[in-house]
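Chain and residue survey
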Amino acid sequence: MGNNNIRGGFLRNSHPIVYEILFAACVAVANLIVLFIIYDGRHHLELPRSPIQTLSIVIIAMIVFVSIWRNYIYNRMHHHEYEDRHERKEHGRVTFMQQLFPYWYRISCGLMFLGNCMLPMQILFSSNLLDLKTGDPYQFNIVCALCFGFVFTMIGLNFFADTFIFIAQKVFGWTTLYQQLHVLLSSRRWYHFRAPLVFLLSAKIVLGGALIAKEDPIVVQVTVPISHLPDSLENFRIIQLSDVHIGVTIGRTRVKKVVDIVNDLCSGSDDNCNLIALTGDIVDGEPHGLMKAIEPLGNLCPGRDVPKLFVPGNHEHIHFIADQVVTVLSEIGIDSLVNDNIRLHRDETRENQLVVVGFDDLSSRRYRGKEQQAFDGIDAEKDTTILLAHQPNHLKVAERYGVDLMLSGHTHAGQFYPGNILAWLFNSRFSGYYPSRGKTAVYVSAGTLFWGPPVRFSTRHHEITDIRLVRSQ
């Protein structure tokens, strides 16, 4: 038993004041992070974050550091360590779940290792992510990405379980029912039952989400009323693609299927598509190494004079490939609209033109201070204006310049737990259609495909959006 006094290391043998200093440091860091997010969002990027979102960010940040305190500092401070497994076995106190736990632990560690391979692989081998012959991802890519999704989900479940127990203890700790439950939840039997329970629940979420992600994107039809829309632009039709993420888990086969669906939408002779908008995060790796998967995008609405406009997303900038993507897409007939605007003519009169504005992503330095440049020559009172911007956090700028409709993506509608909570917290609009509260209506795509883990476990399916403009009554 003497060895047990040594196993706690520095923290176990330290004076209690050390724990208080560590906890105070955690709280201070949390507050600095929260203040930076709120300040940067409201004053630098002008994010229209609601008071509920701001309060939620503060609460989540506090919970994170309280969870760290409770699990890694408080428990050591009070010497809540389990007895050595072999000691328990000698006294005949080992249950089946206690014997099984080390195997769950080893399996989890193996999955964590594979999951952690995904991001380095995407960065270090961005030009060799796909099979050069087929243009599709290697099976190893898919396995690593699924493991990454599993680990992310498992951490999220553990975190919120700990948080729920902690809050319940503080709020209901005085009740007889909680005291009875606390005896159960504090027992070693529950501790060793929880590990496989969280493991299996995470596996169910990831595997179920993988089956959904394997399906083709659905077509979502949206009608957007605009008060001063000219009669000649009635039923102007826009097909929106967003967040395709050609790269580690998305290859030629999935992209070609997306193109086939869009071409079916464009095939009606009496109901043509008037614009194809690609609102960022189309390519997620070095584009010249992904050309076989990018090429099908050149066949969007073939034989028809349909404008195809692309704006960069944050992933094009994360990989420092935005300029390369612009060049590659231009070679296959897709124009880029970066801090600029273009007029789409149905005839030569100003009233019958639709103005499309394109922003670079918020993560790009080129965007800062270029809003005025993008809106040069536009009269908000006379022109019907559509803004293509990857992140919905451009909304305040859109409202300032009198944009009628902003098309965005970025959030993936959360894609899978706990990403849906984070996506809601850090974006001014989460997913779907938001009617105009003053001037600007917003549509946020749930994403045409997905990023990273081929998993969809959220409220919305991945989509191709079919948008029609109509004159409001």
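Our subject is the structure that appears above.
This one's a predicted model, so the numbers in the text were calculated from it and none came from an experiment.

Time to look at the overall build of the protein chain. In terms of helices and strands, the protein chain carries 17 helices and twelve strands. Every one of the 473 residues in the protein chain was classed for burial, and the buried ones make up 50%. Within the protein chain, contacts between residues separated by at least 24 positions form 76% of all contacts whose residues are at least 6 apart in sequence. In the structure as shown, the protein chain presents an accessible area of about 23,000 Å², 61% of it carried by carbon and sulfur atoms.

This next bit is on the pattern of salt bridges. For the structure on display, the rule yields six salt bridges. As a salt-bridge pair, R237 and D466 come within 3.0 Å of each other at their nearest N and O atoms. Of the two residues, R237 sits in strand β2 (residues 236-241) while D466 sits in strand β12 (residues 463-471), which places them 229 residues apart along the sequence. With relative accessibility at 4%, the residue R237 sits in the buried group. On the accessibility criterion, D466 (2% relative accessible area) is buried. With its nearest N and O atoms 3.1 Å apart, the salt bridge here joins D383 to R343. Remark: R343 occurs in strand β6 (residues 340-345) and D383 occurs in the loop between α15 (371-374) and β8 (384-388); sequence separation between them is 40 residues.

Should the sulfur atoms of two cysteines be covalently bonded, the bond is a disulfide. For the structure on display, the rule yields one disulfide. Residue pairing for C266: its cysteine sulfur links by disulfide to C301, the two sulfurs lying 2.1 Å apart. One end of the pair, C266, is in helix α11 (residues 252-266); the other, C301, is in the loop between α12 (291-294) and β4 (308-311), and 35 residues separate them in sequence. Residue C266 shares its accessibility class with C301, and that shared class is buried. Summary of cysteine pairing: C273 is not part of a disulfide, and the nearest cysteine sulfur, belonging to C266, is at 4.2 Å. Judged by its relative accessible area of 6%, C273 is buried.

The rules behind the values
- Residues numbered from 1 in each chain as written.
- Predicted model: local features only at pLDDT ≥ 70, side-chain atom pairs only at ≥ 80, totals over all residues.
- Heavy atoms only, no water.
- Helix = DSSP H or I, 4+ residues; strand = E, 2+ residues; numbered from the N terminus.
- Buried < 20%, exposed > 50% of the residue type's maximum accessible area, 1.4 Å probe, protein only.
- Contact = heavy atoms within 4.5 Å.
- Areas by Shrake-Rupley, 256 points an atom, 1.4 Å probe, with all protein chains shown as cover.
- Salt bridge = Lys/Arg side-chain N within 4 Å of Asp/Glu carboxyl O.
- Disulfide = S-S within 2.5 Å.

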